[in-house]
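# Examination of the molecular architecture
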Amino acid sequence: MNHNLFALFQSRFPSDRSKPFIETAGGRTYTYAEAEQASGRFAGLLGKLGVQPGDRLAVQVEKSPEAVFLHLASLRLGAVYLPLNTAYRAAEMKHFLSDAEPKVLVCRPEDEAERGALAHDRGVARVLSLDGEGHGSLVEDSAGLDADYPTAETGPDEIAALLYTSGTTGKPKGAMLSHHNLSSNLLTLHRAWGWNSADVLLHALPLFHTHGLFVALGCVLLNGTSMLFLPKFDVGQTLRLLPRATVFMGVPTHYVRLLAHSGLNRDACRTMRLFVSGSAPLLEETFRAFTQRTGHTILERCGMTETCMNMSNPLDGERIAGTVGPPLPGIEARITGTEGKALAVGDTGMLEVRGPNVFKGYWRQAEKTAAEFRDDGFFITGDLARIDERGYVSIVGRAGDMIISGGYNVYPKEVEAVIDALEGVAESAVVGLAHSDFGEAVVAVVRRQEESGGPSEGEIIAAVKRDLANYKVPKRVFFTGELPRNSMGKVQKNVLRESFAKTFSTPPEIQ
Ligand code: MLC
Ligand code: AMP
């Protein structure tokens, strides 16, 4: 049996390939036949350029149907798909390209000169371009090629994707997800969420992270039905298209923004069957307000880059606010205390998971991988959680300092390193503070070498913006005479969070 994920998807495509797969916001429809043919041509081109099974294919492009076909092409080839957030700056890209050593990079045409130079310096054999409208050398160079590319014979443990995720220390590490990790998880989700032949997904998520690339897109491909495809989340467009959709998947910020619009009501949701939320904690007030306004109960689930989805509230049965539901079928979860000892029901500790969805390890980081697994195969997630007597999991915090802003993870160390390198800065501490739109927002507390000199708030923000993706840029910078430390000399971030919470939530003009 071929374990290639594309082979599984293809086996679920409608027998009539002229059926719609993607309908764009502009009203253009792409059929399953087009997806099959375009992905075949892209695979043919990449194969001609020397991409072999196991080679990495780095992709930093705008969302488009062609970007979906490129992902499918990578699977067909047996290559390792490495999707990169379009917000990543050159300094961040250097690390990904050096670490992953991709054979080919596909980027936006406007980035070709700069990213191309970075890529060539790091031994990338070829750079191709693709824009949000489906134009670029990827499409042009593959135009005359045979669409019938034979799907690679792939074993279950071969790597389908390399997704970078940061750690509490050091640089982002690549999580290796195998064809079986993804297929097992997507089949489980497809069943658990009751997908049926009438389903239409409204896809508004980016295509470079687990949520949009695997969970949302994967369920549609397994269902062989169509999706309404937004280039990015937009409240107006979402409300316009909801009456033609049955399933929506979003991060909590999407739900907060929808609720802020008067157009969200029962009528707008009349065709909807399921609203799913994940990637960040959904506030109970958002959960309740959504039910009140629309009559729909959001289904909250929880996952990670390393594991795809682990827990989900039930499709049938009680969806409980503030919980992410029980582990999905075939996945085990437990809570442990110090030295990995299992804790009792209701106790808070480290969430550990085990199952066919759990990744194959961090790319070229055997030691880091070993440190995150127990001897019996459980993966230590880094989330603090508890499990109640019904088996529902509640995420109550994180072991590290990680901030989740609008569904994107930000690791304070990475931002602190940029700020600390600025002239006139003695040290900094970056924390997440409650934010009504993004859930948490990045805020920096800085001690300058001289209290009255050194970079201003604006200069610090500009410096971070130059080096890091926009969602990592502090929304505010506060200055302090000294950072609070515990007896071990460690900065007490909880103290900073408490002291700056009020100042941050008060608009600057009335402080
Ligand atoms: C954008 N901005 C953000 C931000 N997104 N700031 C903080 N946090 C964010 N998440 C800032 C930009 O820097 C910019 O600021 C301004 O907002 C406008 O930028 P934009 O690109 O126009 O923003 P917008 O389109 O409104 O984006 C908001 C968003 C987006 C919520 C739609 O962040 C998003 O798509 N989030 C989804 C993330 C996601 O898919 N996560 C899944 C990870 S997988 P300025 O100052 O430059 O103007 C995972 C596993 C799992 O976690 O369980 O699913
Ligand atoms: P990432 O590394 O981007 O895959 O983020 C994974 C992390 O997002 C998890 O470890 C959780 O901390 C968090 N997360 C995902 N879904 C939820 C959720 N529904 N509630 C709370 N946290 C979540």
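Think of each chain on its own: its residues are numbered from 1, step by step along the sequence as written. Here every chain gets a letter starting at A, and every ligand a number starting at 1, in the order they are written. pLDDT decides what is reported in this predicted model: residues at 70 or higher carry local features, side-chain atom pairs at 80 or more are listed and counted, and totals for whole chains, interfaces and linings draw on all residues regardless. Excluded from the side-chain calculation are hydrogens and water; included are all heavy atoms of the structure.

### Some points on the packing of aromatic side chains
Each Phe, Tyr or Trp ring (for Trp, its six-membered ring) is paired with any other whose centre lies within 6.5 Å, and the angle between the two planes then decides the class: stacked below 30 degrees, edge-to-face above 60, tilted in between. All told, the structure shown has 17 aromatic pairs when counted by the stated rule. Plain terms: the ring middles of Phe359 and Phe373 are 5.8 Å apart, the flat faces sit at 25° to each other, and that makes the pair stacked. Placement of Phe359 in the loop between β16 (349-354) and α12 (366-371) and of Phe373 in the loop between α12 and β17 (379-387) is noted, with a sequence separation of 14 residues between them. Partly exposed describes any residue whose relative accessible area lies between the buried limit of under 20% and the exposed limit of over 50%, with all areas from a 1.4 Å probe on protein chains only and scaled to the type maximum. Owing to a relative accessible area of 3%, Phe359 belongs among the buried residues under this scheme. Phe373 gets classed as partly exposed once you look at its relative accessible area, which sits at 22%. Consider the ring centre and the ring normal. A charge sits over the ring if Lys NZ or Arg CZ is within 6 Å of that centre and within 35 degrees of that normal. For Lys63, the ring lying beneath its charged end belongs to Phe229, and the centroid distance is 4.8 Å. Sitting above the plane of the Phe378 ring, Arg334 keeps its charged end 3.7 Å from the centroid. Under the DSSP-based scheme used, a helix requires at least four consecutive residues in state H or I and a strand at least two consecutive residues in state E, with every element numbered from the N terminus.

### Some details on the environment of Val358
For Val358, the position within the fold is in the loop between β16 and α12. Along the backbone, Val358 and Asn185 are 173 residues apart, and their C-alpha atoms lie at a distance of 9.3 Å. The contact definition used throughout considers only heavy atoms, calling two residues in contact when any of these lie within 4.5 Å. Those residues in contact with Val358 that lie beyond four places of it in its chain are Asn181, Glu306, Thr307, Val353, Phe373 and Phe379.

### Considerations on the side chain of Ser137
Here Ser137 shows up in helix α6 (residues 137-142). Apart from the residues within four sequence positions on either side, Ser137 is in contact with Leu45, Glu112, Leu128, Ser129 and Ser142.

### Comments concerning the site of ligand 2
Taken together, 16 residues lie near ligand 2, and Glu300, Arg301, Thr305, Asp383 and Asn409 sit nearest. Arg301 is positioned with one of its backbone polar atoms (N or O) 2.7 Å from a nitrogen atom of ligand 2. Whenever a nitrogen or oxygen atom comes within 3.5 Å of another N or O atom, the pair is scored as a polar contact, on the condition that within protein one atom can donate a hydrogen and the other can accept it, and that pairs from neighbouring residues in sequence are kept only if both atoms are in side chains. Between an oxygen atom of ligand 2 and a main-chain N or O atom of Thr305, the distance comes to 2.6 Å. In the complex, the protein chains occlude 90% of the 500 Å² of accessible area that ligand 2 would expose alone. A per-element tally of the shell around ligand 2 places strand β13 (residues 299-304) first, with five residues. Each residue is tested against the molecule or strand, and it is near if at least one of its non-hydrogen atoms lies within 4 Å. For the accessible areas, the method is Shrake-Rupley and the probe is 1.4 Å, while residue cover comes only from the protein chains on display.

### Structural notes on the pattern of salt bridges
The salt bridge criterion pairs a side-chain nitrogen of Lys or Arg with a carboxyl oxygen of Asp or Glu, the two atoms within 4 Å. Per the counting criterion, the structure on display carries 27 salt bridges. Among the salt bridges present, the one from Arg244 reaches Glu23, with a minimum N-O distance of 2.8 Å. Remark: Glu23 occurs in strand β1 (residues 20-24) and Arg244 occurs in the loop between α9 (235-241) and β11 (247-250); sequence separation between them is 221 residues. We classify Arg244 as partly exposed; its relative accessible area is 44%. Residue Glu23 is classed as partly exposed on the basis of its relative accessible area of 21%. For Asp267, the salt bridge is made with Arg270, and the minimal N-O distance between the two is 3.4 Å. Exposure remark for Asp267: the relative accessible area of 49% places this residue in the partly exposed category.

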